[in-house]
Each structure stands twice: as structure tokens, then as C-alpha cells.
Amino acid sequence: MIKFQDLFVEVIIPLALPKNYTWAVPAHLQQAVQPGVRVEVIFGKNKRYAGIVKKILDTKPDAFTPKDISNVLDAEPVVHQQQLALWEWIAQYYMCSEGEVMQAAIPANLKLSSESILIWNEERSYDFSDLSDSEFLVAEALEIKKELRLNEVQQLLDISNVYPVIKKLIEKRVCYVWEELKEKYRARTETFITLSPEYHNEDKLADLLNNWSKAPKQMELLLSYLHLSKTEGEVTQPQLLKKSNASAAQLKALCDKGILQAEKRATDRIATLPKDIQIDFILSEAQDKALRMIQNIFTEKEVCLLHGVTASGKTEIYTKLIETYIREGKQVLYMLPEIALTSQIIRRLQKHFGGYIAIYHSKFNPNERVEIWNKVKSGETKVVLGARSSLFLPFRDLGLVIADEEHDASYKQQDPAPRYHARDAAIYYATLSHAHVLLGSATPSVESYYNCQQNKYGLVTLEERFGQVELPQISIIDIKKTPTKEKGRIALTPPLLAAIETSLQQQKQVILFQNRRGYSPYLICNTCGWIPHCRNCDVTLTYHKTKNTLTCHYCGTSYPVIHTCAACGSHGFTQKNFGTEKIEELVTEAFPNARIARMDYDSVKGKNDHDALIKLFEQQRIDILVGTQMVVKGLDFEHVNLVGVIDADGILNFTDFRVNERAFQLMEQVSGRAGRKDGKGTVLIQVSNPVHPVLQFVKDHAFERLFNYEIANRKQFAYPPFTRLIQVTFKHREKHLAEEAAHIMMQGLKKDFGAECNGPAQPVVDRVRNQYLWEILIKLPKHAQRIQLCKKEIQQQALIIQNNKRYRGVTILPDVDPV
Ligand code: ADP
Ligand code: ZN
Ligand code: ZN
């Protein structure tokens, strides 16, 4: 007989706890536990969680006697050892708990807790014959109530059984899991129409059509389908009904006859593409050389930076590189900033990698996420195209990570914790998995480029655009010198108007970039100068004309438009400055015959709107596109030959040590949308300080010079890459409490880090959502041990502060490598 010893497990549960806790494993579960499996535990008074076993321990903790785990939920680990190592690193590096990393890392369906809500899966058929008795009981309740909380399930069933039952129900697609507090998002599903496989045979199809006797409308429908599927590829039900002018009943009749098939699918999902690689282009000489250099670098270094100017064909190089990894049976992660993850890039890659590729981002529903999770785990999916959280997928054999647009600040997660930088975490993860990392950008971050200079990363430079297209010609327009009738700034200068006119005459397209949305960024009282502010935040309200509101861009609150000054009672207001909405209006006035559209956070709410607009622009059904940052990110349009930057001052006048780097990136990237395919493009930048050094660099496309200029500044003022920054933010509704807490922390850090600490100070916007903000900024020399020590002290101080009743409500947020 086997004698069971005491066995304990360290378990990560999805909560922000200062450390992981230990549970005991009762004898009958000892065979089943292993690192990476989920176990059911009770934490606190009576809360149940599905936690993940991090380690098996064979000695009992000294201080207390652990409770037993209630159940082991998986026969196989749901996460690999390497993922657990990544979680640990992220928690340690970015100063959060492993539970918080777990929250971000795994799909909701895998992390049940007492707060979880089960949602009835509408798409499932109502046939319950495959369910066990307990499963049936829950399914029936779900069908009626549509949602159940875990404690309701517990009441329905024998308590100790709930997790295995729920797990089965999820597997059988009866329900999925939503976490409370999370926005309820359901993926948009659409009914797709396909031809029954039987008629894929052309003779059979011809037969069918030739012998058609009754129901002419159905025949018309079928012909419309055939036409659409040729021109569009995939056909949706609304699309088909519209084209054929038929009714849903007529379509149903065709489906009932087994000629067409209807299938409900999430529009993003890519279920049925064939698994093969189709590469129909050849690299140019310069691209090919770059590819070989990258491969060469990977024989000795883990990380390589591809610095390729805009439209040099970086995507093509990635594609070829990805192919080599797939052929070796390896997996590839291709990361992009969320907003750049458009259908344009998805289409481009799906064309090459078909069913090998999966898309992963935050808009997917839990079922789809679990599906992709499992396919990555099994190795069926070879390439994942995703936003930052795709780094957490359970890759089985990761060979390569591509971080495209590596300079992009949105790789860094802001809220909630973990405040991790996906590019940097990817580099750590790649070293664990012996994978390579390719960073790509036309405007690399100062940090990455510096790492190349230090020989930590390899560097490959691609200086020419594909097809020998020239980089656009950039001209600076001095706003101060433009004659104007308007008071204040002018939005569209005569040279810009003339250039737009020329482009339109040449049947080309124009992009106008303005970094502020809304109509006018603020209103000001003509008499006393009073400016309306948000009640919850220390920011001015932006006037939105179409919605006719004043809106706070920090907390989203909208107010009715103010006509009477709150300070002096007079009625005259002036609109100051201009947002995209106003630019759109001005352009429409100037070019009444042009087709004009706007792309910003207000005009494109859903991901699909964004894609739809991009498509329209691609198809040249829009002449002038006015937009914010959204028009900048990695888009490839053939016929744009003019880009106008409406207000460069707004980009150059930020108070942030990265302002020059950011301004260069933004202007160079937006310029990069001009003249990508045929003929040289033009970029016009309107600014009131035309001699700003960054503008000279942009004008000459001189990244290297920008870098040298920046690096000298950074060195002088002790900013990254020469130091490591940790910013600690204190938030409270009472200004003095946040301030006091910050001072206590500062006092505590003084002994060891007096010289490195700055603050406490209020940020430029010092109140957001009714919380006052105070900040401490710590600039640490790059000594691993000192950094470690500092993090420890910050955490200790935070505990001390929060254990003091007076400051219990103060939120303390450390942010490592803030962007
Ligand atoms: P980048 O990502 O560097 O800005 P893209 O990869 O978008 O550049 O390439 C710019 C354009 O040139 C795209 O439309 C792309 O399809 C085209 N292109 C680049 N390289 C090739 C190639 N080798 N063969 C055919 N077309 C190419
Ligand atoms: Zn007034
Ligand atoms: Zn606000």
C-alpha cells in the first residue's frame, strides 16, 4: 500500500494579494495535482476560487496549518511552467501580484470564482441528451434565467460538486463565464451563407441550374449568391438578401432544400480556412538582404531590431520569416498595438497563412478565447496575430515573437495591474523559451535603438521603400506668416488648401491629421475668460458639435452646452482651437464636392466601424480622411499623395521627457501614409515654431539625428535609457490625504533613495474622476540589486501606509517603466 505523505501546494488565485498562499492536498487528490493544473480552493470566509498550482511543496508551512484544497479541476496543466515563470517575472518586475497577472493572462472561462456569472449560450441547440443529471439541472435553470451566479449553482447542486459540473457545461458549450464588473461584450455574430458541399462540383451545379423549374425567385437568389461569393469571398445573409431583393423565407427554402447552408459565426472568427502557406510575392533585393541579416543575427543574438522606413515592406519580411518557422514546426507570435490590428493586416496575413493563423484580442468572447487558447496549446495554431495579451497564450513551441510598431506606447498596459510592457515581457519570455524576438518599426524607440548601439540587440536597417518609391517631401508651413482674417489660429492655411485642391484634381486621396477630437477643445467666456471644466476632473471640456455636448476626455462625462458664464453671467463664448470635428466641417465648406470622412474615437465606436471606414478609404470611396492617431497606425493605402498635419504645436508642446521622441514618431508615421505606391507624396506640417529641432529631423527623415539629440538630453537629465523609472501615484478623494500619504512614502524612501526620489508633486491634470493625484518619481541607476531593494521598500511603505486607518482609502499605484 502506498503511504501518502503530507503534500502542499502553492496556489495562485486571481486576486491582488501580497503573496501566494499554501493549501494542503488530501490523500485522494495527491495523484492528480501537478504544477499548472487548476484546483478549487476556499479563500477567506467562504469564497471559492479556481486557482492555479504554482509549486508542489512537501513541507508544511511553519506558521500555520493550511486548509485542504477541495478539488483538482484538470487532468492536464492549463498553463506551462514557462508561463508560470513569466507570470512570476511580471509580478516581480512590474510590482503586482501573480494573481493579478493571472487575471490578465487567462480567459474568463478558465478562472471561475464565487463572483463569476454563468451565461447561457444562445447559440447552442436545446438538445440536452448529452448531459448528466446535475449538468441537466443547471442547464435547465440557465435556459430559463439566462444567467446564474456561482452560489445559485451551489444551491442547485451538492456544493462540493459544482466545479466539475460547470467545467463540463462549459466544455459542452451550454454556457460560458463572465466575470462581474467586466463590460458585457458579445461578439457580433452574423449568419454566413455557403453553398452545400455537394454543389462544389461544377457539373452538379450546372445540372441544378439547367433543370430549375419552379420558384424563379429562389434561382435568382442562388445566382446572386454565386456572384457575391466570387466577388466578395464570404457572403453574409443580409448582404445576400439585399442584393437579390429576396426574403428570409425564400432563403430558408433554399437551405431546406440542401442547396445553400446558413451558419451563425462570430464575424472575426476564422474557422475554416485551409492550412497551407501561400506566398505569392518575392522579396526585393534590399528586403532579401535584410531578411538574411536578421537570420544571421539570430544565430548569435536573441533580439533583432528591424528599422525599416515606412512602406519598406516590413510586413513582407515578417511573412517570409514566419514561413521558415512554420516549416520547422515552430509557433510564431505576431504582436501589434490593439488599434493597428485592423482587418487590413489580418487579411494580408490570412492570405498567406490561412488556417495556420489565429487572431486574439480583447474584443473576443470567452468561448472564442478559450478555443484559441486550446489550439495554441495543442500546437494546431502556428501563428497568432494579436494585441499585447496574446503574449499569455500557452505556446507549445514558440520560435519567434514579432513586435511590430515596437515603439508604440500602447504596448504598455495602464490599468489595471499588471502594468506590463508587452514588448519587454516578450523579450523575457523569449529567453525562457529560447525563441527569437524581432522588433520592427520605422521610428524605433530610443530604448530599443540604444540597446542596438550597446550591442545587446542586432540591428538591421532598411532605408528604401519598396518599388523604389521615394519618401515623401515634407514642407513646414509657418502659421504665423499666413495672412488671416480669423482671429487666433487658422486651421487650414492657403498652401494646405491649394495642395488639397491639387490632389483632388489628380484623383488622389488626402489624410488630414489632427491630434484632438471633438469640435473645439475649449470654450472661453469673452468677458471674464472663464473656461468650463469637468466637475470630476481638472480638465477643460471639449465642445462636440454633432452631439451638442461638452465632454470630458478624461472621464467621459458629458454636459449640456453652456450659454451663460458661471463666473460673470454674460452670454458670449468663443470656441478656442479646433478638433477633428471642426476640421471636417471646414474641409467640407472648402471642398463641397469632395467625399469626406472622419476617423476618431467618436466616429468609430466599434472595431467594425473602424474596419469599414478603412475599407471605404481603400476603395477610394472617400477623398479626404480627417483623423486622430487612428489614421497613423500601420495602415497601407495606395492612393494617398498628400498628408496634412494641422497643428504640430499641439504635438510638440507636451510636458513629458518623451515629447520629442513621440512627436517625431507621430509625424514620421503619419507622413509615412503618403505616396506609398505610386509617385512621391507630399506632407505639409502647420506649426507656429518652424525652427523646432524635431521638425528639422522629420523634414529630413533623420531618425539617427533625432536619436543622437534625444540621447544627449536623456543622459543630461538622467532619464531612460540611462535610468530606470518607477512612478508611484497616490489617489484619494481628499486632496490632503493623497498628499500626506505621498509624503509618508517619500519620508520612508529617503534614507536609502533620497537622491533618486523626486516629488511628491501633482501631475498636470491633478484630479481625475473625483480623485486627487499625487506622484513620486524615482530615477534609479541601472543596478539590479538597488532596483530590487527600492521596489521592496516601496511595497513595505505602501503596506505601512495602508495599515494606517487614516489612509485606508488611498490607492497606491506603482508603475515601473511608465510611458
Ligand atoms: P511597412 O510595413 O514597412 O510600412 P508594407 O509591408 O506595408 O510596409 O509594404 C508597403 C507596400 O508595398 C504594401 O502594399 C506591400 O504589399 C508592398 N510590398 C512590399 N514589399 C513587397 C514585395 N516584395 N512584393 C510585392 N509587394 C510588396
Ligand atoms: Zn464670464
Ligand atoms: Zn471628467
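A brief structural summary. Model, not experiment: these values are computed from the prediction.

The linkage connecting Asp-415 with the following residue, Pro-416, adopts the cis geometry, with an omega of -5 degrees. Topologically, Pro-416 is positioned in the loop between strand E16 (398–404) and helix H14 (422–433). In this structure, Pro-418 follows Ala-417 across a cis peptide bond, with omega equal to 0 degrees. When you line up the elements, Pro-418 lands in the loop between E16 and H14. Although it is not a glycine, Asn-455 sits at a positive phi angle of roughly 70 degrees. On the basis of relative accessible area, Asn-455 is assigned to the exposed category, the value being 53%.

A few words on the coordination of the zinc ion (ligand 3). Bound to the zinc ion (ligand 3) are the protein donor atoms Cys-534 (SG), Cys-537 (SG), Cys-552 (SG) and Cys-555 (SG), situated 2.2 to 2.4 Å from the metal. Each of the four donor atoms bound to the zinc ion (ligand 3) contributes to angles spanning 106 to 113 degrees, and the resulting shape is tetrahedral. For the zinc ion (ligand 3), the single-chain donor residues occur in sequence as C-x2-C-x14-C-x2-C. Pair noted here: Cys-534 is in the loop between strand E21 (522–525) and strand E22 (542–544) and Cys-552 is in the loop between strand E23 (549–551) and strand E24 (558–560), with a separation of 18 residues, a long-range link. Judged by relative accessible area, Cys-552 falls into the buried class, the value being 1%.

Moving on, we come to the site of ligand 1. Around ligand 1, a shell composed of 18 residues is seen, among which Ile-282, Gln-287, Ala-311, Asp-636 and Lys-677 lie nearest. At 2.9 Å, a side-chain N or O of Lys-314 approaches an oxygen atom of ligand 1. One nitrogen or oxygen atom from the side chain of Glu-316 is found 2.8 Å from an oxygen atom belonging to ligand 1. Relative to its free-state accessible area of 550 Å², ligand 1 is covered by the protein chains to the extent of 84%. Sort the elements by how many residues they give to the shell around ligand 1 and helix H11 (residues 314–327) lands first, with three residues. Broken down by class, the residue content of the shell around ligand 1 amounts to six nonpolar, six polar and six charged.

On to the coordination of the zinc ion (ligand 2). Around the zinc ion (ligand 2), the protein contributes the donor atoms Cys-525 (SG), Cys-528 (SG), Cys-565 (SG) and Cys-568 (SG), which lie 2.3 Å from the metal centre. One can describe the donor arrangement at the zinc ion (ligand 2) as tetrahedral, given that its four donor atoms subtend angles of 104 to 113 degrees at the metal. Read in sequence order, the donor residues coordinating the zinc ion (ligand 2) give the pattern C-x2-C-x36-C-x2-C. Taken together, the residues Cys-528 in the loop between E21 and E22 and Cys-565 in the loop between E24 and strand E25 (573–576) connect sequence positions 37 residues apart.

Here helix H3 (residues 133–145) contains 13 residues, and its C-alpha end-to-end distance of 18 Å stays within 8% of the 18 Å for a straight helix at 1.5 Å per residue. Among the residues making up H3, those that are buried are Glu-135, Val-138, Ala-139, Ala-141 and Leu-142. For H3, the buried positions fall inside an angular range of 165 degrees around the axis, keeping them on one side. Along H3, the residues that are exposed and aim more than 90 degrees away from the buried face are Asp-133 and Ile-144. Looking one or two residues beyond H3, the residue adopting positive phi is Lys-146, at roughly 70 degrees.

Looking now at the nonpolar core. Core analysis: the biggest nonpolar cluster contains 154 residues, and Trp-87, Leu-438, Met-667, Phe-730, Met-745 and Ile-778 have the highest contact counts within it. The dominant element in this core, judged by the number of residues it contributes, is helix H23 (residues 735–753), at eight residues. In contact with Leu-438, not counting residues within four places along its chain, are Ile-294, Phe-298, Cys-304, Leu-306, Tyr-318, Leu-321, Leu-400, Val-401, Ile-402 and Ala-403.

Take the packing of H23 against helix H24 (residues 784–803) next. Packing of H23 against H24 brings their axes to within 10 Å, and their N-to-C directions diverge by 145 degrees. For H23 against H24, the interelement crossing comes out right-handed. For the pair H23 and H24, contact is made by Ala-741, Ile-744, Met-745, Gly-748, Leu-749, Asp-752 and Phe-753 and by Arg-786, Leu-789, Cys-790, Glu-793, Ile-794, Gln-797, Ala-798 and Ile-801, respectively. Counted by class, the contact of H23 with H24 contains ten nonpolar, two polar and three charged residues.

So, about the pairing of strand E18 (residues 458–462). By the alternation rule, side chains of E18 split into Gly-458, Val-460 and Leu-462, which are all buried, and Leu-459 and Thr-461, of which none is buried. Alignment of strand E12 (residues 303–308) against E18, held across five bridges, turns out to be parallel. Its bridge partner being in E18, Cys-304 is matched across the sheet by Gly-458.

This paragraph deals with the environment of Thr-527. By the secondary structure assignment, Thr-527 is in the loop between E21 and E22. With a relative accessible area of 57%, Thr-527 lands in the exposed category. Placed 41 residues apart in sequence, Thr-527 and Cys-568 show a C-alpha to C-alpha distance of 7.7 Å. Within the local environment of Thr-527, its side chain forms a polar contact with the side chain of Ser-570, the two groups lying 2.9 Å apart.

In this section: the pairing of E16. Most of E16 is tucked away, with seven of its seven residues classed as buried. Pairing analysis gives five bridges linking strand E13 (residues 331–335) to E16, with the strands arranged parallel. Looking at E16, one finds that Val-332 is bridged to Leu-400. Viewed along the sheet, the connection from E16 through H14 into strand E17 (residues 436–441) turns out right-handed.

Below, the discussion takes up the sheet that holds E22. Spatial ordering of the open sheet is given by E22-E23-E24, a layout of three strands whose pairing is antiparallel. Each end of this open sheet is capped by a strand with a single partner; those strands are E22 and E24. Put simply, the sheet's adjacent strands are angled 35 degrees from each other on average, direction ignored. Bridging between E23 and E24 involves three bridges; their strand directions are antiparallel. The residue bridging Leu-550 from the neighbouring strand is Tyr-559, located in E24.

Another point: the pattern of salt bridges. All told, the structure shown has 46 salt bridges when counted by the stated rule. Note that Glu-171 is salt-bridged to Lys-167, the shortest N-O span being 4.0 Å. Highlighted residues: Glu-171 and Lys-167, both in helix H5 (residues 162–171), separated by four residues, approximately one helical turn. Since its relative accessible area comes to 51%, Glu-171 is described here as exposed. Under the relative-accessibility criterion, Lys-167 is labelled partly exposed at 24%.

Looking now at the sheet that holds E13. A sheet is described by the order of its strands in space; here seven strands give the open sequence E14-E15-E13-E16-E17-E12-E18, paired in parallel fashion. In this open sheet, the two edge strands, each paired with only one partner strand, are strand E14 (357–360) and E18. Pairs of neighbouring strands in the sheet enclose a mean axial angle of 15 degrees, with direction left out of account. Here E12 pairs with E17 via five bridges, running parallel. Bridging across to E17, Leu-305 finds its partner in Leu-439. Sheet contacts for helix H12 (residues 343–353): E13, E14 and strand E15 (383–386); angle to E14, the most-contacted strand, approximately 155 degrees.

Cut-offs and rules
- Residues numbered from 1 in each chain as written.
- Chains lettered and ligands numbered in written order.
- Predicted model: local features only at pLDDT ≥ 70, side-chain atom pairs only at ≥ 80, totals over all residues.
- Heavy atoms only, no water.
- Helix = DSSP H or I, 4+ residues; strand = E, 2+ residues; numbered from the N terminus.
- Buried < 20%, exposed > 50% of the residue type's maximum accessible area, 1.4 Å probe, protein only.
- Donors = N, O, S within 2.8 Å, 3.2 Å for Na, K, Ca; no water.
- Tetrahedral: all angles 85-135°; square planar, octahedral: opposite > 155°, others 65-115°.
- Near = heavy atom within 4 Å.
- Polar contact = N/O pair within 3.5 Å; in protein donor to acceptor, adjacent residues only side chain to side chain.
- Areas by Shrake-Rupley, 256 points an atom, 1.4 Å probe, with all protein chains shown as cover.
- Nonpolar A, V, L, I, M, F, W, Y, C, P; charged D, E, K, R; others polar.
- Expected span 1.5 Å × (residues − 1).
- Arc of directions from axis to C-beta.
- Core = buried A, V, L, I, M, F, W, Y, C linked by side-chain atoms within 4.5 Å.
- Contact = heavy atoms within 4.5 Å.
- Axes fitted to C-alpha atoms, helices over the stretch in contact; angles between N-to-C directions.
- Left-handed = near helix turned anticlockwise from the far one by under 90°.
- Pairing = 2+ DSSP bridges.
- Right-handed = clockwise from strand over helix to strand, strands pointing away.
- Salt bridge = Lys/Arg side-chain N within 4 Å of Asp/Glu carboxyl O.

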